[in-house]
Amino acid sequence: MNNFRGEFEVKLGGKTYKAKMSMNSLRMMCNQEGVELNDLYEHMAKEPMTAVCQMTFHAIKNYALLNGVDSGLPSFDAFCAQALDSVEQFEYMSKMVMEQLAPDEEDEDSKKA
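As the structure is a prediction and not an experimental result, all values here were calculated from the model.

Draft legend 1. Just helix H5 (residues 87-101), in detail. In this model H5 runs 21 Å from its N-terminal to its C-terminal C-alpha over 15 residues, within 8% of the 21 Å that 1.5 Å per residue would give. Along H5, the residues that are buried comprise Gln-89, Phe-90, Met-93, Ser-94, Met-96, Val-97, Glu-99, Gln-100 and Leu-101.

See the structure below:
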């Protein structure tokens, strides 16, 4: 997967899900969860576990839609239960989400090195 294009994989419950975080996945998340795009960072600060799971869940749905495949996702609550059962998995998902929301920050850091 190419994480510079918003693509990453998530391993949960013995399955590997492909995800693509893009404007469409953010649109789907905002529409479904009732979050205004301008309030996204506030939502993440107030509910970080929920927000990371929401963004990852919708990135998986987005990848499936773009590639004409079934996402195979469980319910959102089951997804969260699996994702939040492992600190390492949640940290990985958080890292992937944050890299997609602020890709230029990492680029600036690498230019300074």
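Draft legend 2. Quick peek at the packing of helix H1 (residues 23-33) against helix H3 (residues 48-67). It is at 8 Å that the axes of H1 and H3 come closest, and there the two elements cross at 125°. In terms of orientation, H1 and H3 fall into the oblique class. In the crossing of H1 with H3, the sense of the turn from one axis to the other is right-handed. Side by side, H1 and H3 meet where Asn-24, Ser-25, Leu-26, Met-28, Met-29, Gln-32 and Glu-33 of the first sit next to Gln-54, Met-55, His-58, Ala-59, Lys-61, Asn-62 and Leu-65 of the second.

Draft legend 3. Up close: the nonpolar core. Membership of the largest hydrophobic core comes to 27 residues, with the highest contact counts inside it found for Met-21, Met-55, Phe-79 and Leu-101. Going through the elements one at a time, strand S1 (7-12), strand S2 (15-20), H1, helix H2 (40-46), H3, helix H4 (76-83) and H5 are the ones with two or more residues in this core. Here this core takes 7 residues from H3, the largest share from any one element. Beyond its immediate stretch of four places on either side in the chain, Leu-101 contacts Met-21, Leu-26, Leu-40, Tyr-41, Met-44 and Met-55.

Draft legend 4. Fine view of the environment of Pro-48. Within the secondary structure layout, Pro-48 lies in helix H3. What makes Pro-48 partly exposed here is its relative accessible area of 41%. Each C-alpha atom of the pair Pro-48 and Ser-94 lies 8.7 Å from the other, and the pair is 46 residues apart in sequence. For Pro-48, the contacting residues outside a window of four places in its chain are His-43 and Phe-90.

Draft legend 5. Local environment of the pairing of S2. Relative to S2, S1 runs antiparallel, the two being bridged by 6 bridges. By the bridge assignment, Glu-9 is partnered in S2 with Lys-18. Counting the residues in the hairpin turn of S1 and S2 gives 2 residues, including Gly-13, whose phi is positive at 55°.

Draft legend 6. Structural view of the packing of aromatic side chains. Under the defined criterion, the tally for this structure stands at 2 aromatic pairs. Each ring, one from Phe-57 and one from Phe-76, has its centre 5.3 Å from the other, and the planes form 85°; the classification is edge-to-face. Pair noted here: Phe-57 is in helix H3 and Phe-76 is in helix H4, with a separation of 19 residues, a long-range link. Aromatic pair Phe-57 and Phe-79: ring centres 5.3 Å apart, planes at 65°, arrangement edge-to-face. Taken together, the residues span a long stretch of sequence, with Phe-57 in helix H3 and Phe-79 in helix H4 at a distance of 22 residues. Taken together through their ring pairs, the aromatic side chains of Phe-57, Phe-76 and Phe-79 make up a single cluster.

Thresholds, definitions, all that
- Residues numbered from 1 in each chain as written.
- Predicted model: local features only at pLDDT ≥ 70, side-chain atom pairs only at ≥ 80, totals over all residues.
- Heavy atoms only, no water.
- Helix = DSSP H or I, 4+ residues; strand = E, 2+ residues; numbered from the N terminus.
- Expected span 1.5 Å × (residues − 1).
- Buried < 20%, exposed > 50% of the residue type's maximum accessible area, 1.4 Å probe, protein only.
- Axes fitted to C-alpha atoms, helices over the stretch in contact; angles between N-to-C directions.
- Parallel < 35°, antiparallel > 145°, perpendicular 65-115°, else oblique.
- Left-handed = near helix turned anticlockwise from the far one by under 90°.
- Contact = heavy atoms within 4.5 Å.
- Core = buried A, V, L, I, M, F, W, Y, C linked by side-chain atoms within 4.5 Å.
- Pairing = 2+ DSSP bridges.
- Phe/Tyr/Trp six-rings, centres within 6.5 Å; stacked < 30°, edge-to-face > 60°.

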